[in-house]
Amino acid sequence: MAVSVAVITLAILLSEQADGRRKFRDNPVIPSARPSLVTSEEVTQFCSLMPWMKPHQKQKCLLEPLVMPSVQRGVGMALEECPNHFSDHKWNCSGVNTAQVFQERGILKTNTKESAFVFALTSAGVSFQITKGCSLGNWEQCGCDTQVRGRVQTKDEASWEWGGCSENVGHGDDFSRKFMDPEPPRKELEYLLVKHNNEAGRKALKDNMGKTCKCHGVSGSCTVKICWRTMPNFSVVAQLLRKKFDQATKVKANDKKTKLQRITRGKRGKKKRQKGRRPSAGDLVFAEKSPKFCIPNPELGILGTRGRVCDANAKDNRGCKKMCCNRGYDTFKLSNQVKCNCEFIWCCKVQCDMCKKDWTEYRCR
């Protein structure tokens, strides 16, 4: 009974908070003091519903239970976004789920480029959702970033003033670090890799903050221009990380297993270690070669490429020869009814015809 009460109470509170979102971005959110709506016993029961959490994550849940839905949304959003950027790769994030992210199972128990990307993207996803929740005033412990203030004059545009509700990416970044990074610190290569890639994901979000502005004045003039910091679309962050995936740096731990060092190739393919040269903070790093993705590997959560869509005419990784690992492909003639010849009818509707659309699809055997 206690579990259901906690869950219902949390759901009601989150719903009330969503209804109270700002209508305008010009005034910073100052979270109002709210009485505690759940007892310590109910919080404990609620956190026990998520057995995937590690001890330090469970402690964070006990302290901030209302934040947990945003954590799960952040990871889910990242895993949903992931396949959009790997249509040209034999591995397309399929087979990866939330439990694997937190328990480091499947592909995430390897030290490959693929695990580096997932760790980076999910950490960025948690930071994104926590930041968004803060700017919406969902929790008492955070709000807008009030440190972004003052007038700004640049060479290429008229002066403007920081104001409104700048999204508090600093709090989201800090929460993600404390929740997603492995604890306690260990002198192990795996620990160093996960910690570095998590940070690279958060950095991709933090370094690409933009600004949104609004003019104030008589008759639409821009007498006063107020701007606030905003996060990029999450797909932009994922695309940046995909580029870093393609340029990922191979590393190894130093002798004391306290730092990562780059491994580069010397002459004639021989390994050349550059002592003390650490990877850049924004780089994705890996330590071992990726497994074969052509056939299923249940232990690593690899589904293989059977059934994947490919391009029969392409010569790159999207091409059927490479994507299907020389197994061949099947051709499907498909058709569908789609809206066409749309026109606006005064007033106020859009009228369209229905047209038949034919296309050919190729899928790996």
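Residues numbered from 1 in each chain as written. Predicted model: local features only at pLDDT ≥ 70, side-chain atom pairs only at ≥ 80, totals over all residues. Heavy atoms only, no water.

- Where an unreviewed UniProt entry is consulted, the protein appears under the name Protein Wnt, with the organism given as Nematostella vectensis.
- Under the UniProt heading Sequence similarities (unreviewed entry), the note attached to the protein is "Belongs to the Wnt family." (UniProt positions renumbered as here; feature names shortened; annotations may be inferred.)

1. So, the overall build of the protein
And step 1. When helices and strands are counted, the protein shows 10 helices and 11 strands.
And step 2. Residues counted as buried form 43% of the 365 residues belonging to the protein.
And step 3. Here the contacts in the protein between residues at least 6 apart in sequence split such that 62% fall between residues at least 24 apart.
And step 4. For the protein, the accessible surface area stands at approximately 20,400 Å², while carbon and sulfur atoms represent 51% of it. (Helix = DSSP H or I, 4+ residues; strand = E, 2+ residues; numbered from the N terminus. Buried < 20%, exposed > 50% of the residue type's maximum accessible area, 1.4 Å probe, protein only. Contact = heavy atoms within 4.5 Å. Areas by Shrake-Rupley, 256 points an atom, 1.4 Å probe, with all protein chains shown as cover.)

2. Focus: a positive patch on the surface
And step 1. Together, Lys90, Lys289, Lys292, Lys315, Lys321 and Lys322 make up a positively charged patch on the protein surface.
And step 2. Looking at the secondary structure, you find lysine 289 in the loop between strand S8 (285–286) and strand S9 (309–310).
And step 3. Assessed through its relative accessible area of 70%, lysine 289 is described here as exposed. (Patch = residues over 30% accessible without salt bridge, like charges linked within 9 Å, V, L, I, M, F, W, Y side chains within 5 Å. Salt bridge = Lys/Arg side-chain N within 4 Å of Asp/Glu carboxyl O. Lys, Arg positive; Asp, Glu negative; His and termini not counted. Charge placed at Lys NZ, Arg CZ, Asp CG, Glu CD.)

3. Observations concerning the sheet that holds S9
And step 1. Spatial strand order, S9-S11-S10: 3 strands in an open sheet with antiparallel pairing. Strand pairing shows two members of the sheet lacking a second neighbour, S9 and strand S10 (329–345), which therefore form its edges.
And step 2. Pairing between S10 and strand S11 (residues 349–364): 15 bridges, direction antiparallel. Counterpart to lysine 333 in the pairing with S11 is threonine 360. (Pairing = 2+ DSSP bridges.)

4. A closer look at the pairing of strand S5 (residues 249–253)
And step 1. Taking every second residue as pointing to the same face, the buried face of S5 carries Thr249, Val251 and Ala253, while none of Lys250 and Lys252 on the other face is buried.
And step 2. With 2 bridges connecting them, S5 and S8 associate as parallel partners. Residue pairing across strands places threonine 249 opposite valine 285, the latter belonging to S8.

5. A few points about the nonpolar core
And step 1. In this structure, Met68, Val71, Phe179 and Leu284 are the most contacted members of the largest nonpolar core, which totals 58 residues.
And step 2. Counting residues per element, the ones that place at least two in this core are helix H2 (40–48), helix H4 (68–81), helix H5 (98–103), helix H6 (113–135), helix H7 (169–180), helix H8 (189–206) and helix H9 (234–246).
And step 3. Element by element, the count of residues in this core is highest for H6, at 11 residues.
And step 4. With sequence-adjacent residues up to four places away left out, valine 71 is seen in contact with Phe102, Val126, Ile130, Phe175 and Phe179.
And step 5. In terms of nonpolar packing, the next biggest core, distinct from the first, is built from 9 residues, Tyr191, Leu192, Ala253 and Leu260 among them. (Core = buried A, V, L, I, M, F, W, Y, C linked by side-chain atoms within 4.5 Å.)

6. Section: unusual backbone geometry
And step 1. Note that the residue after glutamate 183, namely proline 184, is joined by a cis bond; omega there is -10°.
And step 2. Assignment of secondary structure puts proline 184 in the loop between H7 and H8.
And step 3. Along the chain, tryptophan 346 connects to cysteine 347 via a cis peptide bond; the corresponding omega equals -25°.
And step 4. For cysteine 347, the position within the fold is in the loop between S10 and S11.

7. Comments concerning the packing of aromatic side chains
And step 1. Within the structure shown, the criterion is met by 10 aromatic pairs.
And step 2. For the ring pair phenylalanine 344 and tryptophan 346, a centre distance of 6.3 Å and an interplane angle of 75° mean the geometry is edge-to-face.
And step 3. Overall, the relative accessible area of 75% leaves tryptophan 346 in the exposed class.
And step 4. The residue whose ring lies beneath lysine 113 is phenylalanine 245, and the NZ or CZ to ring-centre distance is 4.8 Å. (Phe/Tyr/Trp six-rings, centres within 6.5 Å; stacked < 30°, edge-to-face > 60°. Lys NZ or Arg CZ within 6 Å of the ring centre and 35° of its normal.)

8. Things to note about the state of the cysteines
And step 1. Under the definition given, this model contains 11 disulfides.
And step 2. In this model cysteine 134 forms its disulfide with cysteine 142; the gap between the sulfur atoms is 2.0 Å. On the sign convention where negative means left-handed, the S-S torsion of about -95° between cysteine 134 and cysteine 142 marks this disulfide as left-handed. Accessibility assignment for this pair places cysteine 134 and cysteine 142 in one class, buried. (Disulfide = S-S within 2.5 Å.)

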